[in-house]
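Working through the structure, step by step
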Amino acid sequence: MVKKAKSPVTYAKMKGIVSYFAALIKEKKFGSTDLLQKCGNSHPFYRHVDSECFRRPEGSVCDKAGAAALCFTTSAEEQQRSLVSAADFDYLKVIGTGSFGKVLLARHKQNDKYYAVKVVKKHIILKKKVEGHIICERNVLLKTVNHPFLVRLHFSFQTRDRLYLVLDYAGGGELFYHLQRESVFTEPRARFYAAEMASALGYLHSLHIVYRDLKPENILLDSAGHVVLTDFGLCKEGIVGRATTKTFCGTPEYLAPEVLQQSEYDRTVDWWGLGAVLHEMLYGLPPFYSADRMVMLRNIMFQPLVLKAGVSKAGRDLLKRLLNRDRAKRLGAKHDVAELQHHSFFSSIQWDELVTKKITPPFVPSLSGPDDLTNVDPAFTNLPVPQSLGMCEEDGITFPGFSYMSQNVPSLSTQTNGY
Ligand code: ADE
């Protein structure tokens, strides 16, 4: 629930430690360097804090904060002292838009690193009563920072009006931007992307998270050509094994029939989604396609799947099994990603190598640097950048527990996206 700025505890375990150190610093009992020394690298508190922040010049937001861990705080007063704030970034270009806000390429003013910053207006969230989605996105990203094919969250923070998610910038652009230019992908190329996506989805499922919304605009490429799944706004946490959920929202073209029908569904919706995306990579159109949206919806629910020649037998068999309307018989229903991994379409994939990024991507996006925007649709980059983004207003409604700083120090010291 959204509450007026008063500080409910979110990271209960942390709070005692945080307030203890915050109080000590406030009282100038010791400085931030002492704090680092006192905590040591192994302290759980330290693991949530980027040491760079302690070395900021006097007068910066970080120093005002006094204690690094205040990125976990929730009240407006504490938010003021948050380590990372909207003012720490230069917002350069719009690189995506959605119903909840914009994604911008931004440069961190101090370390010159580039990030994709998703900015969501609170009033839209409140109006649409979808607070759960953005909070869910943040929670999911927090839980899943360690998978190579899932976008990494570095920070989240909020101003009076907006929520910010600071993510890796995937400079290769949307996978489907490249597909549109080439009509179809070769089977080896489609196999590589499908395998990386399957690996990420299997990982999410192992955390009892259903991605739900596998669709073209959520599948990005990093600068090396690896898949990066982004936008966890519709993820459903806590679906375990055969447990199901009935809530629904999303783009219809790639949604499983049980979701469209608002029937109960489970993690197997993601294997349908992967089937739909693989179909588009191999045939150039999603399955059951019709220019008439209503016809397409009807097709998805009732039309037999027709797979034309031009795709290997193994490819067609995989599509048939993933796009099975009976989710209990769909590939992945019993043993999840393991069933896909054993399918003959993927027989050439070394899964251990894949997940350690040892397989060379079939296509490397041409990029001149970490801020290259050539793979981003000009329909986005031509949009004006809102001037107010870097302003940190005080007061307003606080979304408790939203603010966050990456556990891993590299966020401010090494760019993780290849540049
Ligand atoms: N569009 C949406 N999220 C993005 C990201 N993380 N990197 C690049 N473009 C994006």
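Preceding this paragraph is the structure being described.
The text that follows walks through the structure, step by step, so that each part is easy to find.

Rules and cut-offs
Residues take numbers from 1 onward in each chain, read along the sequence in its written order. With pLDDT at 70 or above as the cut-off, local features in this predicted model cover only qualifying residues; side-chain atom pairs require 80 or more to be listed or tallied, and sums for whole chains, interfaces and linings still use all residues. The side-chain quantities take in all heavy atoms of the structure and omit both hydrogens and water. A run of H or I in DSSP counts as a helix once it spans at least four residues, and a run of E counts as a strand once it spans at least two, with each numbered from the N terminus. Think of it in three bands: with a 1.4 Å probe and only protein chains considered, a residue is buried below 20% of the maximum accessible area for its type, exposed above 50%, and partly exposed in between. In what follows, residue pairs with any heavy atoms lying within 4.5 Å of each other are defined as contacts. Per-residue and other accessible areas were derived by the Shrake-Rupley procedure at a 1.4 Å probe size, with only the shown protein chains allowed to occlude residues. Working definition: a ring pair exists when centres of Phe, Tyr or Trp rings (six-membered ring for Trp) sit within 6.5 Å. Plane angles under 30 degrees give stacked, over 60 give edge-to-face, the rest tilted. In this analysis an axis means a line fitted to C-alpha atoms, helices contributing only their contacting stretch, and an angle means the value between N-to-C directions, from 0 to 180 degrees. Left-handed describes a crossing whose near helix is turned anticlockwise from the far helix through less than a right angle; right-handed describes the clockwise counterpart. Think of it as three bins: nonpolar holds Ala, Val, Leu, Ile, Met, Phe, Trp, Tyr, Cys and Pro, charged holds Asp, Glu, Lys and Arg, and polar takes everything else, Gly as well. Whether a residue is near a molecule or strand depends on its heavy atoms: if one lies within 4 Å, it is near. N or O atoms within 3.5 Å of each other form a polar contact, as long as, within protein, one can give a hydrogen and the other can take it, and as long as residues adjacent in sequence are counted only when both atoms are side-chain atoms. A strand pair is defined by DSSP finding two or more bridges across the two strands. Definition used for salt bridges: Asp or Glu carboxyl oxygen within 4 Å of a side-chain nitrogen of Lys or Arg.

1. A few points about the overall build of the protein
Assigned secondary structure in the protein consists of 16 helices and 13 strands. Buried positions account for 55% of the 419 residues belonging to the protein. Of the contacts made within the protein by residues no fewer than 6 positions apart, 69% connect residues no fewer than 24 positions apart. Of the accessible surface of the protein, which amounts to about 18,400 Å², a share of 52% is contributed by carbon and sulfur atoms.

2. Overview of the packing of aromatic side chains
The full count for this structure, using the stated rule, is 12 aromatic pairs. Clustering of aromatic rings is evident, with ring pairs tying together Phe-89, Tyr-91, Tyr-115, Phe-155, Phe-157 and Tyr-164.

3. Quick look at the packing of helix H10 (residues 268-283) against helix H12 (residues 313-322)
Between H10 and H12, the shortest axis-to-axis distance is 8 Å and the interhelical angle comes to 145 degrees. Read as a crossing pair, H10 and H12 show a hand that is left-handed. Note on element contacts: H12 touches H10 through Arg-316, Leu-318, Leu-319 and Leu-322, opposite Trp-271, Trp-272, Leu-274, Gly-275, Leu-278, His-279, Leu-282 and Tyr-283. Taken together, the residues of the contact of H10 with H12 break down into nine nonpolar, two polar and one charged.

4. Some remarks on the site of the ligand
Around the ligand sit Ile-95, Val-103, Ala-116, Val-151, Asp-168, Tyr-169, Ala-170, Leu-220 and Thr-230, and that is every residue in its neighbourhood. Separating a nitrogen atom of the ligand from a backbone N or O atom of Asp-168 is a distance of 2.8 Å. Measuring from a nitrogen atom of the ligand, one finds a backbone N or O atom of Ala-170 at 2.9 Å. In isolation the ligand has 260 Å² of accessible area, and contact with the protein removes 89% of it.

5. So, unusual backbone geometry
Even without a glycine there, the phi angle at Asp-112 is positive, about 65 degrees. Looking at the secondary structure, you find Asp-112 in the loop between strand E3 (101-108) and strand E4 (114-121). Positive phi is not limited to glycine here, since Asp-336 has a value of about 50 degrees. With respect to the element layout, Asp-336 can be found in the loop between H12 and helix H13 (337-341).

6. A short note on the sheet that holds strand E7 (residues 173-174)
Either a parallel or an antiparallel arrangement is found when strands of a sheet pair, and the pairing is made through backbone hydrogen bonds. If you walk across this open sheet you meet the three strands as E7-E9-E10, and the pairing is antiparallel. The sheet is open, and its two borders are formed by E7 and strand E10 (227-229), each paired with just one other strand. Of the pairings in the sheet, the one linking strand E9 (residues 219-221) to E10 comprises three bridges and is antiparallel in character. The partner of Leu-220 across the bridge, within E10, is Val-228. Against the sheet, helix H8 (residues 187-206) contacts E9 and E10, and its axis sits at roughly 40 degrees relative to E10.

7. Regarding the environment of Asp-372
Examined against the element boundaries, Asp-372 turns out to sit in the loop between helix H14 (351-355) and helix H15 (378-381). Residues Asp-372 and Gly-171, 201 residues apart in the sequence, show an inter-C-alpha distance of 6.7 Å. Those residues in contact with Asp-372, other than ones at most four positions away along the chain, are Tyr-169, Gly-171, Ser-366 and Leu-367.

8. Here's the deal with the pattern of salt bridges
A side chain with one charge can pair with a side chain of the opposite charge if their charged atoms come near. As enumerated under the stated definition, the model contains 11 salt bridges in all. Close ionic contact of Arg-160 with Asp-161 constitutes a salt bridge, the shortest N to O distance being 3.4 Å. Relative accessible area serves as the criterion here: at 31%, Asp-161 is assigned to the partly exposed category. With a closest N to O distance of 3.5 Å, Lys-357 and Asp-222 form a salt bridge. With Lys-357 in the loop between H14 and H15 and Asp-222 in the loop between E9 and E10, this pair connects stretches of sequence that are 135 residues apart. On the basis of relative accessibility, which here comes to 8%, the residue Asp-222 falls in the buried class.

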